[in-house]
Amino acid sequence: MAGRVGNGNSARAQQSVEQATLVYMLVGFAVFLLMGVLGLLMRLQHAGWIDLGPRWFYRIMTLHGSGMVAGVLLASLGGVARVIAPRIGLSPRLLWTAFVVYFLGSGLVILATLVGGFAAGWTTTYPLPVRGDWPMSATWGFLLGYTLVAVAFLLWCLAVLVGALRTFGGFGNTLAWPVLFGRKTERPVPTGPELAATVVAIDGIIAVGAGVVYLVPIFAEMLGLVSGFDVLFAKNMLFLFGHTLVNLNIYLAVALVYATLGAYTGRTFKMGFPVALAFNLVIILVLLPYFHHLYQDFVQPWPLHLIGQFGSYAVGVPAFFVTIIGSLGLLYGSRVRWSAPVIFILAGLWGWVVGGFAAILDGTIAINNVMHNTLWVPAHFHSYYLFGAAGFTWAYLFHTLGGVEGWVTSPAARWLGWLYAIGAGGFVLAFFLSGLQSVPRRYAEHIAAWQVLGQVAVPFVLLLGIAFLGLLILGLRAVPAAWRAPAPAPGSND
Ligand code: HEM
Ligand SMILES: [Cu+2]
């Protein structure tokens, strides 16, 4: 097709958008693979089979956590931008700029941990970043790296919000209120992925704001401008940023489920009242559960603890039901084309439910008093991250590279899909069982009684490795074609 596409982008600009988003996904995937190797190293250490020493364990843990979060988020941002770009005019230049800023930020984080020795964990809870035995330059590098990543994410959010407001006209229409309140409108109504992207953009801007409030006093302290600040307030801002950021990644991934599943079932995900209601509720609800990270801070005013508990319960409900019932509805009775993306999505729905329930348990104050900082916590977030946020995103990536008729439906790709599901399942189950055994999280040394479950986990992680390497080999061959002639956006538009 020559000339202009629906969003006013020229065909050339649209191609550049699709190339940029492909790069987001591929780089995100590469980061995911490398960070997975670091995860394997940590589990080998827990098994007692290698000895990294505490210094390297915590560097690796810090890089693995921040790198995984950044890598998967990058890929999801790219995927969603690709899905929504045909109708929401996204500037290719802005997407490429955000990518470069993101890349520089991630590079600083890698240098700060691997070379500088920064090891305060991905959350960098104050005062750890300024009290470690690594040089101050490492802390600077790490925190500036985070700042750049946050700036790039902010650019993406602003681009999506401005583009959506222009396409749909006004906040009400952009948030699908005509659907919500049964009003008629002349303007187009957002699809599920478009609405999800807008909601992420709004909350993303709030989260980045909180991140700035957290970082500025630390920078000021490092510059000698202030000697201290309210640590409890800082921790609130830290988790308003960190918790919200990782949660938003899940909603981006949900948008990718909508876009992918339709292509393999021959049905479209309908934008109706439940979807509109769910995502409008999420705008507020996603900001409440972060208080569950502060249950052990007894000086926190107790009503906030309660908000944390009930916010944790509430946030799951809307997106859960809409996505799970919606996806199963698409699958039920359809002639689904079995393929790696569909298997990833099915496994992802399973992991999402399991991880979600485990999170709700841990979000309950009485249970948190027991489970806090055990491996139960990594167990639940790895479930919905590895299966959900990452798995859904890779489903869309493979779909982008494979198309409905392509390599993704081959027997090899389907086998690798199941291998992934088994590997990821065994790996997170070993985490859960370790949590039940009260094995602490973030311990470099595990006593003999804890090592068994670490040893159980390792073969499953290796299965994961085989699955992803296989899919990488199959998928890489499709990259040149996807780069030259990007496929039209799937799902809602075809
Ligand atoms: C690919 C397979 C993966 C393996 C083998 C793995 C392994 C691990 C291990 C062993 C830990 C340390 C647990 C502890 O002792 O506290 C950990 C922590 C963590 N992982 Fe993973 N992981 C994997 C995937 C992921 C994914 C997909 C994400 C997110 C997108 C992720 C994010 C994190 C985070 C945020 C931490 C916490 C770091 C910290 O405490 O500062 N991991 N992982
Ligand atoms: Cu949280």
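How each quantity is defined
Residues numbered from 1 in each chain as written. Chains lettered and ligands numbered in written order. Predicted model: local features only at pLDDT ≥ 70, side-chain atom pairs only at ≥ 80, totals over all residues. Near = placed C-beta within 6 Å. Nonpolar A, V, L, I, M, F, W, Y, C, P; charged D, E, K, R; others polar. Axes fitted to C-alpha atoms, helices over the stretch in contact; angles between N-to-C directions. Helix = DSSP H or I, 4+ residues; strand = E, 2+ residues; numbered from the N terminus. Parallel < 35°, antiparallel > 145°, perpendicular 65-115°, else oblique. Left-handed = near helix turned anticlockwise from the far one by under 90°. Contact = placed C-beta atoms within 7 Å. Core = buried A, V, L, I, M, F, W, Y, C linked by C-beta atoms within 7 Å. Buried ≥ 20, exposed ≤ 12 C-beta atoms within 10 Å, placed from the backbone. Expected span 1.5 Å × (residues − 1). pLDDT = per-residue confidence, 0-100.

Let's talk about the site of ligand 1
Working step 1: Surveying the vicinity of ligand 1 reveals 26 residues, the closest of which are Gly36, Gly39, Gly65, Met68 and Gly121.
Working step 2: Looking at the shell around ligand 1, its residues break down into 15 nonpolar, eight polar and three charged.

Structural notes on the packing of helix H9 (residues 231-265) against helix H14 (residues 376-402)
Describing two packed helices takes the angle between their axes plus the distance from one axis to the other.
Working step 1: Axis separation between H9 and H14 bottoms out at 8 Å; the angle between their running directions is 40°. In this view, H9 runs oblique relative to H14, as classed from their interaxial angle. With respect to the hand of their crossing, H9 and H14 are arranged in left-handed fashion. Every residue of H14 that contacts H9 at Asn249, Ile250, Ala253, Val254, Leu256, Val257, Ala259, Thr260 and Ala263 is listed here: Tyr384, Gly388, Ala389, Phe392, Thr393, Ala395, Tyr396 and His399.
Working step 2: The residue inventory of the contact of H9 with H14, partitioned by class, reads 12 nonpolar, five polar and no charged.

Thoughts on the nonpolar core
Working step 1: Judged by nonpolar contacts, the single largest core of 163 residues is most densely connected at Ala196, Tyr251, Leu252, Val254, Ala255 and Leu256.
Working step 2: Here Leu252 is in contact with Ser76, Leu77, Val80, Ala196 and Val200, once residues within four sequence places are set aside.

Considerations on helix H12 (residues 340-362)
Working step 1: For H12, built from 23 residues, the straight-helix expectation of 33 Å at 1.5 Å per residue is met to within 8% by its first-to-last C-alpha distance of 32 Å.
Working step 2: Among the 23 residues of H12, 18 are classified as buried, and the element is accordingly described as predominantly covered.

Quick word on helix H10 (residues 273-285)
At 3.6 residues per turn, the α-helix brings residues three or four places apart onto the same side.
Working step 1: Taking 1.5 Å per residue as the helical rise, H10 with its 13 residues ought to reach 18 Å, and the 18 Å between its terminal C-alpha atoms agrees with that figure.
Working step 2: By the burial criterion, the buried members of H10 are Val275, Ala276, Ala278, Phe279, Val282 and Leu285.
Working step 3: Structurally, H10 contributes buried residues whose contacts are with helix H7 (177-180), helix H8 (192-222), H9 and helix H11 (302-331).

Notes on the environment of Gly67
Working step 1: Note on placement: Gly67 falls in helix H2 (residues 53-84).
Working step 2: Judged by the 22 C-beta atoms lying within 10 Å of it, Gly67 falls in the buried class.
Working step 3: On a C-alpha basis, the gap between Gly67 and Phe32 in space is 7.6 Å, while along the polypeptide they are 35 residues apart.
Working step 4: When sequence neighbours within four positions are dropped, the list of residues in contact with Gly67 reads Val31, Met35 and Val109.

Observations concerning the confidence of the model for the protein chain
Working step 1: In the predicted model, the protein chain carries a mean pLDDT of 93, and 97% of its residues have values of at least 70.
Working step 2: In this model residues 489-494 is a low-confidence stretch, pLDDT under 50, and it forms 22 contacts with partners more than four residues away in sequence or in other chains.

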